[in-house]
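# Working through the structure, step by step
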There are 2 protein chains.
Amino acid sequence: MLTINGGRLLARLQSFAEIGGTAKGGVNRQALTEGDRRARKLLAELAVARGFEVFQDPVANLFLWRKGHDATLPPLLIGSHLDTQPAGGRFDGALGTLSAFEVLESLEDQDVQCERSVVVVSWTNEEGCRFSPGCMGSMAFSEGMIPANWGDKVATDGAGFAEELALTIASLPEVAMLPLGFPIDAYLEVHIEQGPSLEAAGIPIGVVKGIQGTRWLDVTVAGQTAHAGTTGLAWRRDPLHALTAALSSLYAAVMPGDPDARFTIGRISAEPGSVNAIPEEVRCTVDIRHPDPGRLDEIEELVKSRIGQEAESHGCRAQFSRVFDMPPCVFSEPLREVIKDAAAVCKVESMPMLSGAFHDALFVNRIAPAGMIFVPCRDGLSHNEAEHVEPSGIIVGCEVLGQATLSLLEGRFSVADQSD
Amino acid sequence: MLTINGGRLLARLQSFAEIGGTAKGGVNRQALTEGDRRARKLLAELAVARGFEVFQDPVANLFLWRKGHDATLPPLLIGSHLDTQPAGGRFDGALGTLSAFEVLESLEDQDVQCERSVVVVSWTNEEGCRFSPGCMGSMAFSEGMIPANWGDKVATDGAGFAEELALTIASLPEVAMLPLGFPIDAYLEVHIEQGPSLEAAGIPIGVVKGIQGTRWLDVTVAGQTAHAGTTGLAWRRDPLHALTAALSSLYAAVMPGDPDARFTIGRISAEPGSVNAIPEEVRCTVDIRHPDPGRLDEIEELVKSRIGQEAESHGCRAQFSRVFDMPPCVFSEPLREVIKDAAAVCKVESMPMLSGAFHDALFVNRIAPAGMIFVPCRDGLSHNEAEHVEPSGIIVGCEVLGQATLSLLEGRFSVADQSD
């Protein structure tokens, strides 16, 4: 059984929370910003101080390498991400990355001899809020390439993806480069649930069965701008009138009609955006989630038809583009057993569950068995500065990750078990 | 009868349309921007070239002065504004300002001897889109002071009002300052109707009886941001869900239920504005118009109660601030007669009408008799780059302004007639 240093882990979480820390106690450390670069630098420095090798790859994924005796064995990968939402919390991502690093340090503390290398990873841009889509780092790693169209992406703050990526890689000049994507034995990630189930059930560990599918749409409704005071109803082609009518009916239809569905409008704007002018054009994003791919299609169709009909009936035109589409995923059954057993060894209760959020593990799962360990967060609150995890919950999650890591190193599991 | 130079007026309109001209043939020359300063500078230069005196006041209103023989008589003021909407047209404001200047030049061309000075004015920030409220220039002129809170105003583009005002005044260093507000005999303004009535009736001149009241509200609905994928309906406090439900019902209630009412949402936004986060807070503007002050109150109450109820039922809080409130106004009866007679002298049809938009004349009307001459614009379209006025309509409008100016100078009208 691996003994972890809980005090050290809590202290690390605090010091990373101060990088991009907000007045309300949250964190704004969006992907590929200066704050993100500072967090990567700190993690790299901590690793070097412990004698681990540090690498990055062309999409700025960061790897902290604890060498095993047999360099021919594909390494065991553990970790998460360090980027956050604009008004994010201190645990979404950082908890998994720093728990993994704590495991790496504990292996070193206790001089655990391993045939297989253990590698902590911090994936680039999991959140996808500054540059869409999310999970760029794990996606590029699993596909072994960076999609061509990413180069042209521009952040909501005007920054270009290519430039910010180059700056981020250049910010760690002493860190050697690895090619994009390499063989791994398996991947484990600790993450906050970002939902209320574990807290409600009073169970400290969730063994994640899989992840619901996610689709993101960009919606544009174009009408005709005109004077707010002089233009009578008959002459109006108001795209915001059309969009609010459609959204209002969609809010009422989608989630109330299907407890597994998620429907969220996170961004909305009107151009030219003048108090006394009917908008010429309005835009919004749509985030749809569901564990069933068929229902994802149905909900996307409903969104398009409702908005399309309202646009038409107001003399406007609606356009839709699907900017992100992630099918539901099912995690490795044998790995789930390893996590369940690890919780038992740590003498804590665990329960199987679905993930409402997508995670880097979803993409890694396409090239190697991946598994996730969820810990409860207060009120299920996440993507929020008030995001909170109890210290005891943080430590239990890390202990289970440590135990599961040991089991995998001791070969109680191998890729051979992974058939589906 | 004053003969105006139609070709010169059309040429002037073209050269001003090129200052801030957009690819679509419109104009983006928002108040107190560099473009606005360039337009003021050109107008001042044209005036100096014709031997008129030029002045500005502490709110950057620009005055072009044709001296009469009796300096003790309060001058006759004619003009409009030069600022535009972000995606504005080339006639809203510029038409009235340059028609007034054409009248001034024609008086000069024909060496018309006047006891009373005639002054062309270009008012500052009539549109109110970059710095709210609109009509700052005429408002400050009529009140003889600049409201203290204007100094702190920040534009949607981040610029400060005080700084931009100072830069604008400093951009004409050779132009002498006048104190804010001085006695005037009367005020006349030519403007496009910004509505479809004149075009529909086939009548070239509208004699404006008055202006409907306008209210602007800033609305904020605060909820709780949370993860789009993990947060079930029961845990959501989504302010955009609340706001779209309320707006959708208001769109359906206000204008369909009252043909004289205008209800417009020109600006809407969500914070933090992330595709996969429920918004923490949403904001929108509300523009309400009505000729009846009582109905303005009723509609404002309806807006507050609908949004307030929806916010409450979604666990959110709504806040409202009234950022602009302009009661309906009635223009000088004798001045309306002067304009009607002027149209008759010019042998063109005119009709009395209400203005759907507010104008600087509304504020000037509080300190002196004011009147407005409307000309038709294509499809009633305004606050739009496609805004268009037929050349013949432009010339007729200027001729009627010229004739009305002559009548006033010849003393067929005096402040004594103005009792209400």
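What counts and how
- Residues numbered from 1 in each chain as written.
- Chains lettered and ligands numbered in written order.
- Predicted model: local features only at pLDDT ≥ 70, side-chain atom pairs only at ≥ 80, totals over all residues.
- Heavy atoms only, no water.
- Buried < 20%, exposed > 50% of the residue type's maximum accessible area, 1.4 Å probe, protein only.
- Helix = DSSP H or I, 4+ residues; strand = E, 2+ residues; numbered from the N terminus.
- Contact = heavy atoms within 4.5 Å.
- UniProt positions renumbered as here; feature names shortened; annotations may be inferred.
- Least-squares fit on C-alpha atoms with pLDDT ≥ 70 in both.
- Buried area = accessible area lost by both parts, 1.4 Å probe.
- Salt bridge = Lys/Arg side-chain N within 4 Å of Asp/Glu carboxyl O.
- Polar contact = N/O pair within 3.5 Å; in protein donor to acceptor, adjacent residues only side chain to side chain.
- Phe/Tyr/Trp six-rings, centres within 6.5 Å; stacked < 30°, edge-to-face > 60°.

## Digging into helix H4 (residues 136-143) of chain A
Residue and element names in this part refer to chain A. With respect to burial, H4 is a largely interior element, seven of its eight residues being buried. Listing the buried residues of H4 in full gives Met136, Gly137, Ser138, Met139, Ala140, Phe141 and Ser142. Buried-residue contacts for H4 involve strand S2 (62-66), strand S4 (118-123), helix H5 (161-170), strand S14 (317-326) and helix H10 (360-364). Trailing H4 by a residue or two, glycine 144 shows a phi angle of about 70°, which is positive.

## Structural notes on the UniProt feature "binding site: Zn(2+) 2" (unreviewed entry) in chain A
Following the UniProt record, the feature "binding site: Zn(2+) 2" (unreviewed entry) maps to Asp92, Glu127 and His383 of chain A here. In terms of the greatest pairwise C-alpha distance, the residues named above, spread along 292 residues, form a tight cluster of at most 9.5 Å across. In this fold, glutamate 127 of chain A is placed in the loop between S4 and H4. Residues within four places of glutamate 127 of chain A in sequence aside, it is in contact with His81, Asp83, Thr84, Gln85, Asp92, Gly134, Trp216 and His383 of chain A together with Asn276 of chain B.

## Concerning the relation of the copies chain B and chain A
In this arrangement, two copies of a chain are superimposed by a rotation about an axis accompanied by a shift along the axis. With an RMSD of 0.1 Å, the fit of chain B onto chain A corresponds to turning through 180° and sliding 0.0 Å along the axis. Such a combination of turn and shift is consistent with a two-fold rotation axis. Interface residue correspondence from chain B to chain A reaches 100%, placing this contact among same-surface, isologous pairings.

## Quick notes on the interface of chain B and chain A
With 62 residues of chain B in contact, the opposing surface of chain A contributes 62 residues. For the pair chain B and chain A, the summed buried surface comes to about 5100 Å²; carbon and sulfur atoms form 60% of the total. On the chain B side of the contact with chain A, Thr230, Tyr251 and Val275 of chain B bury the most area, a combined 13% of that side's loss. Counting every contact that joins chain B to chain A gives zero salt bridges. Where chain B packs against chain A, one counts 26 residue pairs in polar contact (both at pLDDT 80 or more). Mapped by element, the contributors of at least two residues to the side of chain B that touches chain A are strand S9 (226-227), helix H7 (239-253), strand S10 (262-264), strand S11 (268-271), strand S12 (277-278) and strand S13 (281-290) of chain B.

## Describing the packing of aromatic side chains
Each aromatic ring pair is summarised here by two numbers: the centre-to-centre distance and the angle between the ring planes. Residues and elements named next belong to chain A. Applying the stated rule across the entire model yields 30 aromatic pairs over all chains. Taken together, a centroid distance of 5.1 Å and an interplanar angle of 65° make the contact between phenylalanine 63 and phenylalanine 182 edge-to-face. Residue phenylalanine 63 is found in strand S2, and its partner phenylalanine 182 is found in the loop between strand S5 (176-177) and strand S6 (186-192); the two are separated by 119 residues along the sequence. Grouping residues by exposure puts phenylalanine 63 and phenylalanine 182 together as buried. Pairing phenylalanine 324 with phenylalanine 358 gives two aromatic rings, centres 5.2 Å apart and planes at 55°, and the pair type is tilted.

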